[in-house]
Amino acid sequence: MKKMALLTLAAVTATTLMAADGATLFKRCAGCHGAHGEKHALGKSAVIKDMSKADILKALKEYKAGTRNVHGMGGLMRGQVASLSEADMKAIADYIGK
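Described below are features of the structure shown in this document. Predicted model only: the values in this text are computed from it and were never measured. (Residues numbered from 1 in each chain as written. Predicted model: local features only at pLDDT ≥ 70, side-chain atom pairs only at ≥ 80, totals over all residues. Heavy atoms only, no water.)

For helix α5 (residues 86-96), the set of buried residues is Asp 88, Met 89, Ala 91, Ile 92, Ala 93 and Ile 96. Elements in contact with the buried residues of α5: α2 (22-33) and α3 (53-65). (Buried < 20%, exposed > 50% of the residue type's maximum accessible area, 1.4 Å probe, protein only. Helix = DSSP H or I, 4+ residues; strand = E, 2+ residues; numbered from the N terminus. Contact = heavy atoms within 4.5 Å.)

Given below as structure tokens:
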């Protein structure tokens, strides 16, 4: 019984440690969007800190799929989000979105 409890605890701890961290993931975005999403990226984009979580997640998914090209930034953003998983995109949206 103790072994089962320890294995369960170890599995939960490992899953928690592997969970996407929005703050860490957002560091790659901060160069253009600002540390808190307060900048117009390259003077073109909307201020993302004012977007809802749902809108941020939708935009990230569309950029990754190559179906979004707002202000001609589709190619650049597609490259930025290419390696993000669904969980990563959700973590970023949860971190920066309202």
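Further remarks concern the pattern of salt bridges. Applying the stated rule across the entire model yields five salt bridges. Between Glu 62 and Arg 68 there is a salt bridge; the shortest N-O distance is 3.0 Å. The salt bridge involving Lys 90 is made with Asp 94; its shortest N-O contact spans 3.0 Å. Taken as a pair, Lys 90 and Asp 94 lie in helix α5 at a separation of four residues, close to a single helical turn. For Lys 90, a relative accessible area of 44% corresponds to the partly exposed category. One network of salt bridges, in which partners are shared, links Lys 58, Glu 62 and Arg 68. (Salt bridge = Lys/Arg side-chain N within 4 Å of Asp/Glu carboxyl O.)

Note on placement: Gly 43 falls in the loop between α2 and α3. Under the relative-accessibility criterion, Gly 43 is labelled exposed at 66%. Separated by eleven residues in sequence, Gly 43 and Cys 32 place their C-alpha atoms 9.0 Å apart.

Here the focus is the layout of surface pockets. For the largest pocket, the calculated volume is near 470 Å³. Taken together, 25 residues form the lining of the largest pocket, with His 33, Ser 45, Ile 48, Tyr 63 and Met 77 sitting closest to its centre. Secondary-structure elements contributing two or more residues to the lining of the largest pocket are α2, α3, α4 (74-81) and α5. Residue contributions to the lining of the largest pocket peak at five residues, all from α2. (1 Å grid on protein atoms, 1.4 Å probe; cavity = no way out; pocket = protein on both sides within 12 Å on 5 of 7 lines; lining within 4 Å. Points joined across faces, edges and corners; volume = space filled by probe spheres on them.)

Here α3 spans 18 Å end to end across 13 residues, near enough to the 18 Å set by a 1.5 Å rise per residue. Of all the residues in α3, the buried ones are Ile 56, Leu 57, Ala 59, Leu 60, Glu 62 and Tyr 63. Directly after α3, the chain includes Gly 66, whose backbone phi takes a positive value near 80°. (Expected span 1.5 Å × (residues − 1).)

Applying the stated criterion across every chain, the model contains one aromatic pair. Taken together, a centroid distance of 5.8 Å and an interplanar angle of 45° make the contact between Phe 26 and Tyr 95 tilted. With Phe 26 in helix α2 and Tyr 95 in helix α5, this pair connects stretches of sequence that are 69 residues apart. (Phe/Tyr/Trp six-rings, centres within 6.5 Å; stacked < 30°, edge-to-face > 60°.)

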